[in-house]
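Here's the letter readout for the chains.
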Amino acid sequence: MDETEASPVATLCIEDWTQAPWRKLEQHVYRLQKRIYKAQARGNVKAVHSLQRLLMKSQAARLLAVRRVTQDNHGKKTAGVDGVKAVGPLIRLLFVTRLRTPEVITAQPVRRVYIPKPGKPHESRPLGIPVLLDRAHQALAKLALEPQWEARFEPDSYGFRPGRSCHDAIEALFKHVVFAPKYVLDADIKGCFDNIAIPALLTKVDATPALRRAIRAWLYAGVMDNGTLTPTTSGVPQGGVISPVLTNVALHGLQTAVESAYVRRGHAGRTAPRPWPPGSPTIPGSWTSYCITRCRSRPGSPHPILSAVADRPKPLLPRSPHDHA
């Protein structure tokens, strides 16, 4: 850690945005993220939190976070409730300076925007657009939080994971079903982003106290819809930079929950949970609110996995008559 703090990149003073050594900054942040990943893989939570604090104080990480939301992202010209958008180099450097003391940044409400759902012209998807400074702060938190949870996520999860895409999930499904006929359970969690229980998520996120306070402030900041401020009681805003990571954290453990709910009928009509035999249901492909499970069963016979997924509550999602699996 001392070597990282003494590195030239860590003490670099950036006064001209256009002259920043982006390649060296990316390498510096990547090394810190790799150390967070390895510390979490070892189970050293104290080292993980120490490295997360070091990364969030790093100027390299702050510069990359600001560049991500003001230059790289497609929503760089989308304003929040303050109307600020498409900022120039001087404002970007001001954001970098303000992120040095994130505890004094007050989370602003998100601006409600409705977009049409693909394939459903009569339905719309509500988005919550944070202000640019909050987006930069969330991008900085994502740099610290993502490597920690990448070391913990299930290997068969593909939604919003760095270096993974839907094509990887398709390949995994193909490898599972190509050699023998199988039945597929297609499950969708209705209103996944909007129904996540915030207290349970904050308990599960396992971050530093400062990072947990920042996440709590973003989730409870409220929603501004046509000039009306509505308090937030549950869910994560679709449109936030850190929202996909938080949703994956909330859904982490879904595969274990499904496996533990799988019941196989034993001798003399008794049923008891048993270890999954070869060819039993798994989740080779899963997205944030969407999962596919393949299983072997006889045509027309109800498979235990169907009732198990339908009856078991989703991780960190409250039971609701409108929810379905």
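Model, not experiment: these values are computed from the prediction.

Examining the pairing of strand β2 (residues 120–129)
Note on strand geometry: in a regular strand, side chains alternate between the two faces of the sheet.
Then, number 1: Here strand β1 (residues 110–117) pairs with β2 via 7 bridges, running antiparallel. Paired with R111 across the two strands is I129, which belongs to β2.

With respect to the sheet that holds strand β5 (residues 228–230)
Then, number 1: Read from one edge to the other, the open sheet built from 4 strands follows the order β2-β1-β4-β5, with strand pairing classed as mixed. In the strand order of this sheet, the two ends are held by β2 and β5, each with one partner. Pairwise comparison of adjacent strand axes, ignoring direction, gives a mean angle of 40 degrees for this sheet.

Quick notes on the environment of F95
Then, number 1: Mapped onto the elements, F95 comes out in helix α5 (residues 89–98).
Then, number 2: Each C-alpha atom of the pair F95 and A65 lies 9.7 Å from the other, and the pair is 30 residues apart in sequence.
Then, number 3: Dropping the residues within four chain positions of it, F95 is found in contact with V66, V87, L132 and L133.

Considering the side chain of R135
Then, number 1: Following the sequence through the fold, R135 ends up in helix α6 (residues 132–150).
Then, number 2: The side chain of R135 is buried and forms no salt bridge, while D82, the nearest opposite charge, is found at 6.5 Å.
Then, number 3: Once residues lying within four places of it in the same chain are set aside, the contact partners of R135 are V69, G75, T78, A79, G80, I129, P130 and V241.

What to know about the nonpolar core
Then, number 1: Core analysis: the biggest nonpolar cluster contains 60 residues, and L55, L145, L201, I215, L219 and L246 have the highest contact counts within it.
Then, number 2: Sorting the residues of this core by element identifies α2 (22–42), α3 (45–57), α4 (59–72), α5, α6, α8 (198–204), α9 (209–219) and α10 (243–251) as the ones contributing at least two each.
Then, number 3: Among the elements that line this core, the one with the most residues is α6, at 10 residues.
Then, number 4: When neighbours within four sequence positions are excluded, I215 is seen to be in contact with L145, L202, V205, I242 and L246.

Quick look at the environment of K38
Then, number 1: In this fold, K38 is placed in helix α2.
Then, number 2: By relative accessible area, K38 is classed as partly exposed at 46%.
Then, number 3: The spacing of K38 and Q148 is 110 residues in sequence and 8.5 Å in space, taken between C-alpha atoms.

Notes on unusual backbone geometry
Then, number 1: Located in the positive-phi region is A86, a residue other than glycine, with phi close to 50 degrees.
Then, number 2: For F160, which is not glycine, the phi torsion reads 55 degrees and is therefore positive.
Then, number 3: The residue F160 is located in the loop between α6 and α7 (166–177) in this model.

Points about α9
Then, number 1: Every buried residue of α9 is listed here: L211, A214, I215, W218 and L219. Down the axis of α9, the buried set is contained in an arc of 130 degrees. They therefore lie on one face.
Then, number 2: Among the structural elements, α3, α6, α8 and α10 are those in contact with the buried residues of α9.

With respect to the packing of aromatic side chains
Geometrically, a pair of aromatic rings is defined through the distance of the ring centres and the angle of the planes.
Then, number 1: Evaluated as defined, the whole model comprises 2 aromatic pairs.
Then, number 2: Aromatic pair W17 and W22: ring centres 5.1 Å apart, planes at 65 degrees, arrangement edge-to-face.
Then, number 3: Aromatic side chains W149 and F153 sit 5.7 Å apart centroid to centroid with 35 degrees between the ring planes, which places their arrangement in the tilted category. Comparing W149 with F153, the two get one shared label, buried.
Then, number 4: Taking the ring centre of W22 as reference, the NZ or CZ of R67 above it sits at 4.6 Å.
Then, number 5: Taking NZ or CZ as reference, R152 lies 4.1 Å from the ring centre of W149, over its face.

Description of the pairing of β1
Then, number 1: Two strands pair when backbone bridges link them, and β1 and strand β4 (residues 223–225) are joined in this way by 2 bridges, in the parallel orientation. Note that in β4 the partner of R111 across the bridge is M224.
Then, number 2: The hairpin turn running from β1 into β2, its antiparallel successor, is 2 residues long, and G119 in that turn takes a positive phi close to 80 degrees.

Structural notes on the confidence of the model for the protein chain
Then, number 1: For the protein chain, mean pLDDT is 79; residues scoring 70 or higher make up 75% of the total.
Then, number 2: Contacts for the low-pLDDT stretch residues 276–288, under 50 throughout, to residues beyond four places or in other chains number 58 contacts.
Then, number 3: Here residues 297–325 is modelled with pLDDT under 50, and outside its nearest four sequence neighbours on either side it reaches 62 contacts, counting other chains as well.

Section: the side chain of E154
Then, number 1: Residue placement: E154 occurs in the loop between α6 and α7.
Then, number 2: The buried charged residue E154 lacks any salt bridge partner; its closest oppositely charged side chain belongs to R161, at an N-O distance of 6.4 Å.
Then, number 3: Reaching out from E154, the side chain makes a polar contact with the backbone nitrogen of G253 at a distance of 2.8 Å.
Then, number 4: In this structure, E154 is in contact with R161, R164, H252, G253, L254, Q255 and T256, ignoring residues within four places of it in sequence.

Rules used throughout
What you see as residue numbers is a count from 1 along each chain, following the sequence as written. Only residues with pLDDT of 70 or above have their local features reported here, since the model is predicted, and side-chain atom pairs are shown and tallied only from 80 upward, although totals for entire chains, interfaces and linings are computed over all residues. As a rule here, side-chain values cover all heavy atoms of the structure and leave hydrogens and water aside. Any two strands with at least two DSSP bridges between them are considered paired. Numbering of helices and strands runs from the N terminus; a helix is a DSSP stretch of H or I covering at least four residues, while a strand is a stretch of E covering at least two. Every angle, taken between N-to-C directions, lies between 0 and 180 degrees, and every axis is a line fitted to C-alpha atoms, over only the stretch in contact when it is a helix. Any pair of residues with heavy atoms lying within 4.5 Å of one another is described as a contacting pair. Burial classification: accessible surface area is computed with a 1.4 Å probe over protein chains only, and a residue below 20% of its type maximum counts as buried, one above 50% as exposed, and the rest as partly exposed. Positive charges come from Lys and Arg alone, negative charges from Asp and Glu alone, with His and the N- and C-terminal ends not counted. By definition, a salt bridge exists where a carboxyl oxygen of Asp or Glu is found within 4 Å of a side-chain nitrogen of Lys or Arg. What makes a nonpolar core is a set of buried Ala, Val, Leu, Ile, Met, Phe, Trp, Tyr and Cys residues whose side-chain atoms join them at distances within 4.5 Å. Note that the arc is computed from the directions linking the helix axis to the C-beta atoms. Working definition: a ring pair exists when centres of Phe, Tyr or Trp rings (six-membered ring for Trp) sit within 6.5 Å. Plane angles under 30 degrees give stacked, over 60 give edge-to-face, the rest tilted. Either the NZ atom of lysine or the CZ atom of arginine qualifies as a charge over a ring when it sits within 6 Å of the ring centre and within 35 degrees of the ring normal. pLDDT expresses, on a scale from 0 to 100, how confident the predictor is about each individual residue. Whenever a nitrogen or oxygen atom comes within 3.5 Å of another N or O atom, the pair is scored as a polar contact, on the condition that within protein one atom can donate a hydrogen and the other can accept it, and that pairs from neighbouring residues in sequence are kept only if both atoms are in side chains.

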